[in-house]
Structures are given as C-alpha cells and as structure tokens.
Amino acid sequence: VSQSRYCSGLGTDDLAARARFDRALLFFGTPQRVPFELVQGLASAGYELHLYGRGIDEELVEKNLPENLRGAVKLFGPYRPTSLDFIGQYRFVVLYKPGIVSDNFRYSLPNKFFQGLAYGTGFVVSENFEEIREVVESIPGLGIVVKSGEEGLLGDLLRDSKIGGAAYYRAVNIVTGK
C-alpha cells in the first residue's frame, strides 16, 4: 500500500504546518482496546481523548468511566480504512494497552503506527510495545512511552514534551522519503 494513500504525498514542511487538535489525543480501533485508563490523567491536564471505531459508543464510555470524566472523551463513530485523513488532525495517536503482553503485541509494528507516521503525528505508547517503544525512544520528538503507574502523569508529560518538533519532521523525512 502506498504511503501517499494516507497523506496524499505531503512533505515534511506540509506536515509541520498542518493545523491539529492541540489538546486531544486520537485513538482509533476496537472497543476492547480503548485506553480508558489514560482519561483521568488527560482530563486533569485539560486534554481530551477522541475515539473512532465501530462499537465505540456512549454505552461503552458510561460502563468504563465515572460521570465526572466522561466530558474528556469525544466520540466520532466508525471510520473507513480507505479514508484515514482524520489522523492528520491530531498531534498524538495513542497505542496503549499495557495489560497485553503477548509476543504479538510486544514485537508488532501495527498499521496504526505507520499510518500515524505518514500523517506526521506523535505517539503515546505503552511500554509493552517493545518494537514501537524502541523507535519512539530513538527519534527525538516522536512520542512518549507511558510506563505502568504513570498513567495519571500523562497530561503533564504531554505538556512538557517536544513532540512534533523539527527533529521529528526531519526523521519523518528520512523514513518516508518526502
């Protein structure tokens, strides 16, 4: 699949200049993988979690979050895998599910990671994604690895981070060739 399918051939200058939600993180996927454990830390720092995916609805949010945190979650419904431009509206894509320690998670580089790279997003990842963690930690500004027990600090980590800085876009240029 061509990288240009995802970002229409945008170069690094275009990625850096793109308008994005400044205080929202993107999760797109299945209801079983929604990172509800991050919401409290995000809400306390004034961030929101935006959710896309079939089956991710108000009932799911009500089951998993106390009423005082529900306002920090916005629902956007299903998405089509052939139309992922919504990714480019975000500074951060969340790949976070620390409770899953299977080899498939530990050593995978899921499509969502490459799709986020193509749109110039930063990442919030759990430490169990070993391959992704290595990449995120090796490229300045690419993302934040949230260790178990640090979920409540995520808002502060984001606020103090330099995700999406010039070093990151140079690295995207190397990876994508744009």
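Right above here is the structure, for reference.
Below, the structure is looked at part by part.

What counts and how
Residues numbered from 1 in each chain as written. Predicted model: local features only at pLDDT ≥ 70, side-chain atom pairs only at ≥ 80, totals over all residues. Heavy atoms only, no water. Core = buried A, V, L, I, M, F, W, Y, C linked by side-chain atoms within 4.5 Å. Buried < 20%, exposed > 50% of the residue type's maximum accessible area, 1.4 Å probe, protein only. Helix = DSSP H or I, 4+ residues; strand = E, 2+ residues; numbered from the N terminus. Contact = heavy atoms within 4.5 Å. Patch = residues over 30% accessible without salt bridge, like charges linked within 9 Å, V, L, I, M, F, W, Y side chains within 5 Å. Areas by Shrake-Rupley, 256 points an atom, 1.4 Å probe, with all protein chains shown as cover. Salt bridge = Lys/Arg side-chain N within 4 Å of Asp/Glu carboxyl O. Lys, Arg positive; Asp, Glu negative; His and termini not counted. Charge placed at Lys NZ, Arg CZ, Asp CG, Glu CD. Pairing = 2+ DSSP bridges. Right-handed = clockwise from strand over helix to strand, strands pointing away. Polar contact = N/O pair within 3.5 Å; in protein donor to acceptor, adjacent residues only side chain to side chain. Phe/Tyr/Trp six-rings, centres within 6.5 Å; stacked < 30°, edge-to-face > 60°. Lys NZ or Arg CZ within 6 Å of the ring centre and 35° of its normal.

The next thing to look at is the nonpolar core. Residues Leu25, Leu42, Leu49, Leu51, Val124, Leu154 and Leu158 are the most contacted members of the largest nonpolar core, which totals 27 residues. Mapped onto this core, the elements with two or more residues apiece are β1 (21–28), α3 (39–44), β2 (48–52), α4 (58–64), β4 (90–95), β6 (143–146) and α8 (154–160). Once residues lying within four places of it in the same chain are set aside, the contact partners of Leu51 are Phe27, Val34, Ile56, Val61, Val73, Lys74, Leu75, Phe76 and Gly77. Leu26, Phe28, Phe86 and Leu95 belong to the second-largest nonpolar core, a separate cluster that totals 21 residues.

Here we take up a negative patch on the surface. A grouping of Asp57, Glu58, Glu62 and Glu67 is seen on the molecular surface, where their side chains present a negatively charged patch. Of note, Asp57 is situated in the loop between β2 and α4.

We now examine the pairing of β6. Where strand β5 (residues 122–126) and β6 come together, four bridges link them in parallel fashion. Bridged to Val124 within β6 is Ile144. This β-α-β element, β5 to helix α7 (residues 130–138) to β6, shows right-handed connectivity.

Below, the discussion takes up the side chain of Asn128. Secondary-structure assignment places Asn128 in the loop between β5 and α7. Relative accessible area serves as the criterion here: at 8%, Asn128 is assigned to the buried category. At a separation of 2.5 Å, a polar atom in the side chain of Asn128 contacts the side chain of Ser126.

Remark: the centre distance and the inter-plane angle together describe each pair of aromatic rings, the angle taken between the planes. The tally for this structure, following the rule as stated, stands at nine aromatic pairs. Considering the side-chain rings of Phe21 and Tyr90, the 4.9 Å spacing of their centres and the 40° angle between planes classify their relative orientation as tilted. You can see Phe21 sitting in strand β1 and its partner Tyr90 sitting in strand β4, a full 69 residues away along the chain. Classification of Phe21 as partly exposed rests on a relative accessible area of 32%. Note on Phe28 and Phe86: the rings are 5.7 Å apart at their centroids and 90° apart in plane angle, and the pair reads as edge-to-face. Of this pair, Phe28 sits in strand β1 while Phe86 sits in the loop between β3 (73–75) and β4, placing them 58 residues apart in sequence. Every member of this aromatic cluster is reached through a ring pair, and the members are Phe21, Phe28, Tyr52, Phe76, Tyr79, Phe86 and Tyr90. Above the plane of the ring of Tyr47 lies Arg23, whose end atom (NZ or CZ) is 4.1 Å from the centre. The ring of Phe28 has Lys112 lying over it, and the distance from NZ or CZ to the ring centre is 5.1 Å.

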